2 protein chains.
Amino acid sequence: MTTDSNTDNNTHISPLPLEGDGGRLDSYPFYVEPFHVDFMGRMFLGILGNHLLNAAGNHSQRRGWGITALNENHQTWVLSRLSIELEDMPRQHEHGSIETWVESVIKLFTNRNFAILREDGTPYGYARSIWAMIDLETRKPCDLLTLYDGDIVRYVVQEEEKQCPIAGHGRFKFREPQLVRTIGTYYSDVDINGHINSIKYIEHILDLFPMERFRNQRLQRFEIAYKTESYLGDQLSFYVQEVDENETDVEVRKNVTEDGNGEVVCQAKVRFR
Amino acid sequence: MTTDSNTDNNTHISPLPLEGDGGRLDSYPFYVEPFHVDFMGRMFLGILGNHLLNAAGNHSQRRGWGITALNENHQTWVLSRLSIELEDMPRQHEHGSIETWVESVIKLFTNRNFAILREDGTPYGYARSIWAMIDLETRKPCDLLTLYDGDIVRYVVQEEEKQCPIAGHGRFKFREPQLVRTIGTYYSDVDINGHINSIKYIEHILDLFPMERFRNQRLQRFEIAYKTESYLGDQLSFYVQEVDENETDVEVRKNVTEDGNGEVVCQAKVRFR
């Protein structure tokens, strides 16, 4: 926490260095374990997603914005969007790292970016995410620019300083998506908050695709928009809409009634190449 | 690899030290990540299982018995049994380590033990496992005592030197187990060999239990016997038999026909306390 009075100016960029202790950018190392790869030897996207969330968590934690600190204030971070785009997927036994930084803070949201790097520093790909901070009691979003006197703005790394060269989050337009699978939710789907874990949706969505897609192509881009939480015991129904031969939109709805109504839990776009 | 001629004596114990580089015992560190805990904040057993297999893999690899070396000889390790017993389960943000060693080598099998330790060295619990080495072409087990001139025997840590104070693997007696769930297998269930990943069975088996079991009790012991492989697209049917109010046996069969016949993939015993 800081009492730096400059931070009430939203466009203020602090003089903090980009890297190093107390800088604005963090690096999170990863190693591709044997059980973390698919039948092609490529890291599962869910595992990569988990690493991204860990990198984000560590970055916040070190700057006093971690979940532990927030929970004391009855607040928490909620992931709203995640878009990952990859030139290549890390393979078994490779070492890499994830750089993460906050690109911007807009009252109720932060845009956090990621670079997914090989050991030699070249990129496997990049990711973008949007997070809200909510009050645990009201479930309403908090104004990030007034909290802690706007301390978070000191950590912003603007686009001119550090690029994230992938497209922003897209929009979903579902017309008549087809129901392809309905599954129950169980013990191993649920996180410490009692919600279905945000990574599990990624796994369930990719499980809709046949083996051939992963054998003959590779995942190029995956976008997900989290709309509402689901809980243990909820039934999740997966609706699919082909955009073209390489791109598929997926909508996940919970507890769909006989007449087809059910709340939208998340929406995803999956692109193979 | 060694050409030490003493190793043709099965009971020969090498003069290697217990710990340290080139010793017989390894330590594998772990950290309990946020997405690796259940709704009670306890590490998922599947995650712990994954750490045990990594610890085993590293231990073999460092001694020239790892999968990479074996694959060049068209051989691989196959996990046959795994029994885990816990006084306590690691919790979110805790650091721990897994000690592993080979307790004995019996021609076609090795008995490998594990101690699951807190940061202060006190045990969360222990595990036992049985592994066979098979020829990748014939799928037949190899004689471990003649391979590499019996080099593996040098690494044995007999029970007098290092105890694993939990019961050995039990026997399963299925009488009339009840079918409780049948599931498909998908992309995220499959490992690099195209098999359903041995950890995924653990997750699917624990998913059979209601939330209340995990809320009001904790997992005390989990045993699994792997019988045959299953593959992407196989249907897995879960048969359950209550032993007493705290203990349940589970049998997993694949592609069960209408008259109830299907090959047994694995059997498990789950004990809560």
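Below: a short report on this structure. As a convention, each chain's residues are numbered from 1 in the sequence order in which they are written. For this description, chains carry letters from A and ligands carry numbers from 1, given in the order in which they are written. The model is predicted, so local features are restricted to residues of pLDDT at least 70 and side-chain atom pairs to those at 80 or more, both for listing and for counting; the totals for chains, interfaces and linings are taken over all residues. Excluding hydrogens and water, the side-chain values take into account all heavy atoms of the structure.

Quick look at the environment of Gly-121 of chain A
Its place among the elements puts Gly-121 of chain A in the loop between β4 (109-118) and β5 (123-135). Each C-alpha atom of the pair Gly-121 of chain A and Gly-96 of chain A lies 8.2 Å from the other, and the pair is 25 residues apart in sequence. Helix numbering and strand numbering both begin at the N terminus, where a helix is a DSSP run of H or I of at least 4 residues and a strand a DSSP run of E of at least 2.

Here we look at the relation of the copies chain B and chain A
In superposing the copies, a least-squares fit is computed on C-alpha atoms, taking residues whose pLDDT is at least 70 in both. Superposition of chain B onto chain A requires a rotation of 180 degrees combined with a translation of 0.0 Å along the rotation axis, giving an RMSD of 0.0 Å. Read as a symmetry element, the transformation amounts to a two-fold axis. Nearest to the rotation axis, the C-alpha of Ile-183 of chain B is located 4.7 Å from it, this being the minimum over chain B. Contacts between residues were defined by any pair of non-hydrogen atoms, one from each residue, lying within 4.5 Å. A high fraction, 100%, of the interface residues of chain B reappear at the interface in chain A, so the copies pair face to face through one surface.

Points about the environment of Gly-96 of chain A
All names here are of chain A. Relative to the elements of secondary structure, Gly-96 occurs in strand β3 (residues 95-106). Using a 1.4 Å probe on the protein chains alone, a residue whose accessible area is under 20% of its type maximum counts as buried, one over 50% counts as exposed, and one in between counts as partly exposed. Residue Gly-96 is classed as buried on the basis of its relative accessible area, which comes to 10%. Apart from the residues within four sequence positions on either side, Gly-96 is in contact with Tyr-28, Pro-29, Phe-30, Leu-117, Arg-118 and Glu-119.

Some details on the interface of chain B and chain A
Of the residues lining the interface, 32 residues belong to chain B; the matching set on chain A comes to 32 residues. Accessible area, probed at 1.4 Å, shrinks when two parts are joined; the buried area is that loss added up over both. Summing both sides of the interface, chain B and chain A together bury roughly 3100 Å²; the carbon and sulfur share of this comes to 58%. Interface area lost by chain B to chain A is led by Phe-35, Tyr-187 and Ile-192 of chain B, which between them contribute 28%. Any Lys or Arg side-chain nitrogen located within 4 Å of an Asp or Glu carboxyl oxygen qualifies as a salt bridge. On inspection of chain B and its partner chain A, the count reaches two salt bridges. Here Lys-200 of chain B ties to Glu-203 of chain A by a salt bridge, and the two come within 3.8 Å at their closest N and O atoms. Here a polar contact is recorded for every N or O atom pair within 3.5 Å, except that within protein the pair must consist of a potential hydrogen donor and a potential acceptor, and residues adjacent in sequence are included only if both atoms are side-chain atoms. Summed over the shared surface of chain B and chain A, the number is 14 residue pairs in polar contact (both at pLDDT 80 or more). At five residues, helix α3 (residues 198-206) of chain B tops the list of elements feeding residues into the side of chain B that touches chain A. For this classification, Asp, Glu, Lys and Arg are treated as charged, while Ala, Val, Leu, Ile, Met, Phe, Trp, Tyr, Cys and Pro are nonpolar and the rest, including Gly, are polar. The residue inventory of the side of chain B that touches chain A, partitioned by class, reads 16 nonpolar, nine polar and seven charged.

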